[in-house]
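Survey of secondary and tertiary structure
In case you want the letters, here they are:
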Amino acid sequence: GNSVTQMEGPVTLSEEAFLTINCTYTATGYPSLFWYVQYPGEGLQLLLKATKADDKGSNKGFEATYRKETTSFHLEKGSVQVSDSAVYFCALMGQGAQKLVFGQGTRLTINP
Amino acid sequence: GAGVSQSPSNKVTEKGKDVELRCDPISGHTALYWYRQSLGQGLEFLIYFQGNSAPDKSGLPSDRFSAERTGGSVSTLTIQRTQQEDSAVYLCASSLGILLSQETQYFGPGTRLLVL
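Throughout, residues of each chain are indexed from 1 in the direction in which the sequence is written. Chains and ligands are labelled by the order in which they are written, letters from A for the one and numbers from 1 for the other. Predicted model: local features are reported for residues with pLDDT of at least 70 only, side-chain atom pairs are reported and counted for 80 or more only, and whole-chain, interface and lining totals are derived from all residues. As a rule here, side-chain values cover all heavy atoms of the structure and leave hydrogens and water aside.

Some thoughts on the overall build of chain A
To qualify as a helix, a DSSP run of H or I must reach at least 4 residues; to qualify as a strand, a run of E must reach at least 2; elements of each kind are numbered from the N terminus. Along its length, chain A carries 0 helices and 12 strands. Secondary structure elements in chain A, listed N-terminal to C-terminal, are β-β-β-β-β-β-β-β-β-β-β-β. Every radius of gyration here is taken over C-alpha atoms, with the globule rule written as 2.2 Å times N^0.38, N being the number of residues. The C-alpha radius of gyration of chain A comes to 13 Å, within 12% of the 13 Å expected for a compact globule of 112 residues. Across its three principal directions, the C-alpha atoms of chain A cover 45 × 25 × 20 Å.

Looking at the pairing of strand β4 (residues 23-26) of chain A
All names here are of chain A. For the exposure calls, accessible area comes from a 1.4 Å probe over protein chains only, and a residue counts as buried if that area is under 20% of its type's maximum, exposed if over 50%, partly exposed in between. In β4, alternate side chains face the same way, and those of C23 and Y25 are buried while those of T24 and T26 on the opposite face are not. Strand pairing is assigned whenever DSSP identifies at least 2 bridges connecting the two strands. Where strand β1 (residues 3-6) lies against β4, 4 bridges are found, and the strand directions are antiparallel. From the neighbouring strand, S3 faces β4, where its bridge partner is T26.

Remarks on the pairing of strand β7 (residues 75-79) of chain B
Residues and elements named next belong to chain B. Counting buried positions along β7 yields 5 of 5 residues, so the element is predominantly enclosed. Of the two faces of β7, the one holding S75, L77 and I79 and the one holding T76 and T78 are both buried throughout. Bridge count between strand β3 (residues 19-24) and β7: 5 bridges; the pairing is antiparallel. Counted as the bridge partner of R22 is T76 from β7. The pairing of strand β6 (residues 65-69) with β7 spans 5 bridges and is classified as antiparallel. The residue of β7 that forms the bridge with F65 is I79. Between β6 and β7, which pair antiparallel in sequence order, lie 5 residues; one of them, G71, sits at a positive phi of approximately 60°.

Notes on the state of the cysteines
Each disulfide is one covalent bond, formed between the sulfur atoms of two cysteines. Two cysteine sulfurs form what is called a disulfide whenever their separation falls within 2.5 Å. As enumerated under the stated definition, the model contains 2 disulfides over all chains in all. Covalently, C23 of chain A is tied to C90 of chain A through a disulfide, its sulfur atoms 1.9 Å apart. Judged by the sign of its S-S torsion, about -70°, the cystine formed by C23 of chain A and C90 of chain A is left-handed. Note that C23 of chain A is positioned in strand β4 and C90 of chain A in strand β10 (residues 86-93), a separation of 67 residues in sequence. For C23 of chain B, the disulfide goes to C92 of chain B, at an S-S distance of 1.8 Å.

As for the packing of aromatic side chains
Put simply, two rings from Phe, Tyr or Trp (the six-membered ring, in Trp's case) pair if the centres are within 6.5 Å, and we call them stacked under 30 degrees between planes, edge-to-face over 60, tilted for the rest. The tally for this structure, following the rule as stated, stands at 12 aromatic pairs over all chains. Between the aromatic rings of F89 of chain A and F102 of chain A, the centroid separation amounts to 6.2 Å while the plane-to-plane angle is 85°, which identifies the pairing as edge-to-face. Residue F89 of chain A is located in strand β10, and its partner F102 of chain A is located in strand β11 (residues 100-102); the two are separated by 13 residues in the primary sequence. The exposure classification of F89 of chain A matches that of F102 of chain A, with both residues buried. Feature note: the residues F34, Y36, F89 and F102 of chain A together with Y33, Y35, F45, Y48 and F107 of chain B constitute an aromatic cluster, connected by ring pairs. Lysine NZ or arginine CZ positioned within 6 Å of the ring centre and within 35 degrees of the ring normal marks a charge as sitting over the ring. Sitting over the face of the ring of Y30 of chain A, K68 of chain A holds its NZ or CZ atom 4.4 Å from the ring centroid.

Side note on the interface of chain B and chain A
Between chain B and chain A, the contact holds 16 residues from the first and 18 residues from the second. By definition, the buried area sums, over both parts, the 1.4 Å-probe accessible area that each loses when the two are put together. When chain B packs against chain A, close to 1,500 Å² is buried across both sides, 57% of that on carbon and sulfur atoms. For this analysis, a polar contact is any N or O atom pair within 3.5 Å, provided that within protein one partner can donate a hydrogen and the other can accept it, and provided that sequence-adjacent residues contribute only side-chain to side-chain pairs. In this assembly, chain B and chain A are joined by 4 residue pairs in polar contact (both at pLDDT 80 or more). Those elements that provide at least two residues to the side of chain B that touches chain A are β4 (31-38) and β5 (42-50) of chain B. For the side of chain B that touches chain A, the class distribution of residues is 8 nonpolar, 7 polar and 1 charged. Between two residues, a contact is recorded if the distance between any of their heavy atoms is within 4.5 Å. Under the scheme applied, nonpolar residues are Ala, Val, Leu, Ile, Met, Phe, Trp, Tyr, Cys and Pro; charged residues are Asp, Glu, Lys and Arg; polar residues are all the others, including Gly.

Right, dumping it as structure tokens:
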């Protein structure tokens, strides 16, 4: 079945550091890939997505590129802020499927 | 416009009791999903409704769990004879229902269920 594996957390960085959160997936066909974020006390919200190979999703300074050859969708940001502290979830939706399959989540803490 | 709303926000119940959780999707969204977020299992899919089609119940963990969607809008998730392992945050999401496997799902704030 489809699955998502993402970088173990928690991750702690200083403000303005470079961020990478690794995400790899297993799926047949051509899934759509998503990063969702959950800020403290808030609900899950979409951060970015990519629906086909080589697409780059971007939002709020975050980027992720859909790499089919390495089955990866790593999340990156060049300079993190304290306000980026949250739990980040990588997810996929299988081709023709209607349910999201989530990774285990990575808690990110940014210190000033 | 209004987002997905869920009620109650918190529910404490005793083992063996039945509970009902409600979800109001975004107006105009025909697809509705229930997920569960728990410490041990992470985020897992429960059930999916799309228009008038039969729901995909493949994620329901036991026959104590059921859900319905009335009039293509509001949905209720019912857990009968609750167990302590049912304690979790129950999340509802909705999407337009046009390009399902590529669509953004919009999540509600969740219902935090605690079974004592």
